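Close look at the chain arrangement
One-letter residues, chain by chain:
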Amino acid sequence: MKTNKLKFISFCVTLALLSLNGCSTKDVETVPAYNYTFDQFKDIKLPDVTPTAPATVTSTNGSVSASPAASAANDGLASGNLTAAVSAVAGDVAKAVSSDDAKKLSDQFTPSVLSSLTSGGALPAGLASDVSKLASDPSLAAYLPTSTLPTVNGKAVGGRTGAPEAAPVVISNLLLQMTNVKLLRKKHLMQPKQH
């Protein structure tokens, strides 16, 4: 056991002497210069690039337009008169849905459903399927808004179009207008005829 300790101590002392022997407190006076050269990189010539102006880009804005038929019907209802546009709404809605079904659908557009729609929410599932059927009906197509996609260099830029999202509000307005038309007709029938 003593020999192992002695061997270890002598090894440590030898190691310490060797490591201290190579140390010097003298500072380095200069750092040798970097003398490596790469002659093959001296003759590299990059191609000349002349900047050119980009091609002119033409674009047009997209738009969503309200239906003239729906605007005329709204104006007629606002006036309180049974105009031709108001009667046309009633006829077109009657082609797409029966009076009883129109009333049921109209009643489902509660203030909370309309509030949800205006804040970007979705229709309840059953009502959404009924509305999508009505929105695809050709007799109601004249009352839906139309959209024009923006173009860049004459090509339409794809994306969402707004009209499908507007369909539930338009359909609810049409159903309400049909109900209002019936009320206007009753009002006009009840008024005494003037000679």
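Residues numbered from 1 in each chain as written. Predicted model: local features only at pLDDT ≥ 70, side-chain atom pairs only at ≥ 80, totals over all residues. Heavy atoms only, no water.

What to know about the nonpolar core
If you look at the biggest cluster of nonpolar residues, it comprises 16 residues, and the most contacted ones within it are Val97, Phe109, Leu123 and Leu127. Elements supplying a minimum of two residues to this core: helix 2 (68–79), helix 3 (84–96), helix 4 (99–108), helix 5 (111–118) and helix 6 (125–135). With three residues, helix 6 is the single largest residue contributor to this core. (Core = buried A, V, L, I, M, F, W, Y, C linked by side-chain atoms within 4.5 Å. Buried < 20%, exposed > 50% of the residue type's maximum accessible area, 1.4 Å probe, protein only. Helix = DSSP H or I, 4+ residues; strand = E, 2+ residues; numbered from the N terminus.)

Some words on the pattern of salt bridges
All chains considered together, the criterion is met by two salt bridges. Note that Asp48 and Lys45 form a salt bridge whose closest N and O atoms lie 4.0 Å from each other. Across the pair, Lys45 and Asp48 agree in class, each one exposed. Among the salt bridges present, the one from Asp92 reaches Lys95, with a minimum N-O distance of 3.5 Å. Of this pair, Asp92 and Lys95 both sit in helix 3, separated by three residues, roughly a single helical turn. (Salt bridge = Lys/Arg side-chain N within 4 Å of Asp/Glu carboxyl O.)

Observations concerning the sheet that holds strand 4 (residues 151–152)
The three strands lie next to each other as 1-4-5, forming an open sheet whose pairing is antiparallel. Looking along the sheet, the strands with just one partner apiece sit at the ends: strand 1 (59–60) and strand 5 (155–156). (Pairing = 2+ DSSP bridges.)

Side note on the packing of helix 2 against helix 3
Where helix 2 meets helix 3, the axes come as close as 7 Å, and the angle between the chain directions of the two elements is 115°. For the element pair helix 2 / helix 3, the angle class is roughly perpendicular. Helix 3 is crossed by helix 2, and the crossing has left-handed handedness. Residues Ala72, Ala73, Gly76 and Leu77 of helix 2 lie in contact with helix 3, whose contacting residues are Ala85, Val86 and Val89. (Axes fitted to C-alpha atoms, helices over the stretch in contact; angles between N-to-C directions. Parallel < 35°, antiparallel > 145°, perpendicular 65-115°, else oblique. Left-handed = near helix turned anticlockwise from the far one by under 90°. Contact = heavy atoms within 4.5 Å.)

Overview of the side chain of Ser67
Tracing the backbone through its elements, the reader meets Ser67 in the loop between strand 2 (63–65) and helix 2. Residue class for Ser67 comes out buried when judged on its relative accessible area of 5%. Here Ala69 takes part through its backbone nitrogen, which lies 3.2 Å from a polar atom of the side chain of Ser67. Beyond its immediate stretch of four places on either side in the chain, Ser67 contacts Ala142, Tyr143, Leu144 and Pro145. (Polar contact = N/O pair within 3.5 Å; in protein donor to acceptor, adjacent residues only side chain to side chain.)

Points about the confidence of the model for the protein chain
Taken over all residues, the pLDDT of the protein chain has a mean of 76, while the share at 70 or more is 76%. Within the protein chain, the element-level pLDDT minimum falls on helix 7 (residues 163–190), averaging 58, and the maximum on strand 1, averaging 90. (pLDDT = per-residue confidence, 0-100.)

A closer look at the side chain of Thr151
Along the polypeptide, Thr151 turns up in strand 4. Within polar-contact distance, the side chain of Thr151 engages the side chain of Thr60 at 2.4 Å. Apart from residues lying up to four places away in sequence, Thr151 is in contact with Thr58, Ser59, Thr60, Ala156 and Val157.

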